[in-house]
Amino acid sequence: MRAALALARRGLGRVAPNPAVGCVLVREGVVLARARTGDGGRPHAEEVALRTVGAAARGATAYVTLEPCAHDRQGGSCAQKLAAAGIARAVLALRDPDPRTAGRGVGILAAAGIEVLEDVCTAEAQAVNAGYVLARTANRPLVTLKVAASLDGRVALASGESRWVTGPAARLRGHMERARHDAILVGIGTALADDPALTTRLPGVTHNPVRIVLDRRARLPHGARLARPGTWLVCEQAAHIPGVRVLSGSTGIRAVLGRLAKEGITRLLVEGGPTVITSFLQSGLWDRLLLFRAPSLLGADARAAIGPLALTDIASGPRVILDSREVLGADILEVYRPEPQSCAKA
């Protein structure tokens with residue numbers, strides 16, 4: 001199952017709106033096939049594995065990181081295909097929260113006389129597909145906040161200069177995070193000040209996530225680097241920028257996340273400046289905070305990584321739990337998650 005989970009992770013940032021699934025077929029101790037969900041969400045991992053081995057799948061065990069789909073699809077569901085292939089056993093990590101499947105896949109397999117073992121490496125499977133699960137159960141994607149700051153929590157000089165707070169190894173790690181998410185979000189302040197491309201610049205990686213600009217009054221210049229296909233503009237009123245998709249409506253964090261989930265975004269990386277990052281922290285609608293910390297001091301006159309939180313007492317501020325720490329050259333990456341019940345309500 002852990003081999004199947006490793007395959008599933010390779011699809012993160014590439015398979016939305018579908019889940020990232022891994023499938024390994026084994027018979028008599030021999031691995032017959034290894035597969036993951038294809039880019040764009042098709043074909044499903046089970047389909048790829050079965051296509052690889054053909055008739056040799058009969059009597060095999062299928063290790064699948066998510067319950068095989070049961071809803072009607074052209075050519076049949078994955079659960080039906082596994083049953084038709086004559087597998088003897090199915091080992092599953094996680095049930096699919098999609099109401100079209102949600103136990104029906106297990107039912108199809110069991111009805112075909114296939115032994116089904118569930119809840120194997122469930123916690124790991126939940127971590128892999130946290131975004132997919134949240135999109136279907138909480139109407140929002142997984143949200144990762146990214147901050148690159150000095151040792152004293154500053155992201156730019158008073159003049160606005162911010163390149164580069166962290167070093168090459170940290171920036172490379174940042175690009176890896178971009179590749180693992182479906183979309184990157186920045187505010188219009190960052191778009192105007194930095195004119196970023198928000199592309200994934202890694203050797204051999206050609207995939208770029210959707211670029212999203214939170215722009216309440218639609219101020220993105222037509223000549224900006226983000227004013228091109230692959231960019232979505234989230235604003236309050238209808239607007240037109242050639243090549244840019246406009247999503248108009250409320251720009252409140254909860255409403256924006258709901259709209260993105262509806263559009264198939266399951267994993268969102270927020271790279272905005274202090275205003276956008278602070279808005280997400282105040283909403284409580286975030287899941288991971290990546291803090292890239294550089295060994296430098298910029299001083300009180302530099303721009304803070306977090307904006308005003310308007311706290312009335314210390315205990316009312318958002319609290320976090322450290323999950324991991326990683327050394328990246330001279331910099332340190334700390335990964336945090338919110339402490340339960342500590343975030344402000346949206």
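You'll find the structure just up there.
Described below are features of the structure shown in this document.

Definitions and limits used
Residues numbered from 1 in each chain as written. Predicted model: local features only at pLDDT ≥ 70, side-chain atom pairs only at ≥ 80, totals over all residues. Heavy atoms only, no water. Pairing = 2+ DSSP bridges. Helix = DSSP H or I, 4+ residues; strand = E, 2+ residues; numbered from the N terminus. Axes fitted to C-alpha atoms, helices over the stretch in contact; angles between N-to-C directions. Parallel < 35°, antiparallel > 145°, perpendicular 65-115°, else oblique. Left-handed = near helix turned anticlockwise from the far one by under 90°. Contact = heavy atoms within 4.5 Å. Nonpolar A, V, L, I, M, F, W, Y, C, P; charged D, E, K, R; others polar. Core = buried A, V, L, I, M, F, W, Y, C linked by side-chain atoms within 4.5 Å. Buried < 20%, exposed > 50% of the residue type's maximum accessible area, 1.4 Å probe, protein only. Phe/Tyr/Trp six-rings, centres within 6.5 Å; stacked < 30°, edge-to-face > 60°. Lys NZ or Arg CZ within 6 Å of the ring centre and 35° of its normal. Salt bridge = Lys/Arg side-chain N within 4 Å of Asp/Glu carboxyl O.

### What to know about the sheet that holds strand S5 (residues 115–117)
In space, the five strands of this open sheet follow the order S2-S1-S3-S4-S5, with mixed pairing throughout. Pairing within the sheet leaves two strands with one partner each, and these edge strands are strand S2 (30–36) and S5. Taken pair by pair, the neighbouring strands of this sheet meet at an average axis angle of 15°, ignoring direction.

### Remarks on the packing of helix H2 (residues 45–53) against helix H3 (residues 78–85)
Look at H2 against H3: their axes get within 9 Å of each other, and the N-to-C directions meet at 25°. For the element pair H2 / H3, the angle class is roughly parallel. In this structure, the crossing between H2 and H3 has a hand that is left-handed. Judged by residue contacts, Glu46, Glu47 and Leu50 of H2 engage Cys78, Lys81, Leu82 and Ala85 from H3. Partitioned by chemical class, the residues of the contact of H2 with H3 number four nonpolar, no polar and three charged.

### Considerations on unusual backbone geometry
With an omega of 10°, the peptide bond between Ala16 and Pro17 qualifies as cis. Among the secondary structure elements, Pro17 is positioned in the loop between helix H1 (2–9) and strand S1 (22–27). The peptide bond linking Arg42 to Pro43 adopts the cis configuration, its omega dihedral lying at -10°. Structurally, Pro43 is set in the loop between S2 and H2.

### Regarding the nonpolar core
With 38 residues, the main nonpolar core has Met1 and Leu25 as its most contacted residues. When neighbours within four sequence positions are excluded, Leu25 is seen to be in contact with Val30, Val31, Leu32, Ala33, Ala49, Leu50, Val53, Ala57, Thr61 and Ala62.

### Quick notes on the packing of H3 against helix H4 (residues 104–111)
Where H3 contacts H4, the axes come no closer than 9 Å and their chain directions differ by 15°. Classified by the interaxial angle, the pair formed by H3 and H4 is roughly parallel. In this structure, H3 meets H4 at a crossing whose hand is right-handed. Two secondary-structure elements touch here, H3 through Ala79, Gln80, Leu82 and Ala83 and H4 through Gly105, Ile108 and Leu109. Counted by class, the contact of H3 with H4 contains five nonpolar, two polar and no charged residues.

### A look at the packing of aromatic side chains
Taken as a whole, this structure holds zero aromatic pairs when the rule is applied. Note that Arg171 overlies the ring of Trp164, its terminal NZ or CZ placed 4.4 Å from the centroid. It is Arg245 that lies over the ring of Trp232; its NZ or CZ is 4.9 Å from the centre.

### Considering the pattern of salt bridges
As enumerated under the stated definition, the model contains 18 salt bridges in all. Between Arg100 and Asp98 there is a salt bridge; the shortest N-O distance is 2.8 Å. Looking at Arg100, the relative accessible area reads 45%, which means it is partly exposed. On the basis of relative accessible area, Asp98 is assigned to the buried category, the value being 7%. Measuring nitrogen to oxygen at the nearest pair gives 3.0 Å for the salt bridge that ties Glu177 to Arg288. Remark: Arg288 occurs in strand S13 (residues 288–293) and Glu177 occurs in helix H7 (residues 168–179); sequence separation between them is 111 residues.

### A word on the pairing of S2
Taken together, the six bridges between S1 and S2 define a ladder with antiparallel strand orientation. Residue Val24 lies in a different strand from S2, and its bridge partner there is Arg34. Counted between consecutive antiparallel strands, the loop separating S1 from S2 contains two residues, among which Glu28 sits at a positive phi close to 55°.

### Looking at the sheet that holds strand S11 (residues 245–248)
Strand order in this open sheet of nine strands is S11-S10-S9-S8-S12-S6-S13-S16-S15, and the pairing throughout is mixed. Each of the sheet's edge strands pairs with one partner strand only, and the pair in question is S11 and strand S15 (320–328). Looking at each pair of strands side by side, their axes are set apart by 20° on average, direction ignored. Of the pairings in the sheet, the one linking strand S8 (residues 183–187) to strand S12 (residues 267–270) comprises three bridges and is parallel in character. Its bridge partner lying in S12, Ile184 is registered against Leu269.

### Some points on the environment of Ala305
Tracing the backbone through its elements, the reader meets Ala305 in the loop between strand S14 (303–304) and S15. Taking the relative accessible area as the measure of exposure, Ala305 reaches 10% and is therefore buried. Sequence separation of Ala305 and Ile321 is 16 residues, and the distance between their C-alpha atoms is 18 Å. With residues near it in sequence (within four places) discarded, Ala305 still touches Val147, Ala149, Gly153, Arg154, Val155 and Pro274.

### Considering the environment of Gly76
Structurally, Gly76 can be placed in the loop between strand S3 (61–64) and H3. Once the C-alpha coordinates of Gly76 and Thr144 are considered, the two residues, 68 residues apart in sequence, prove to be 35 Å apart.

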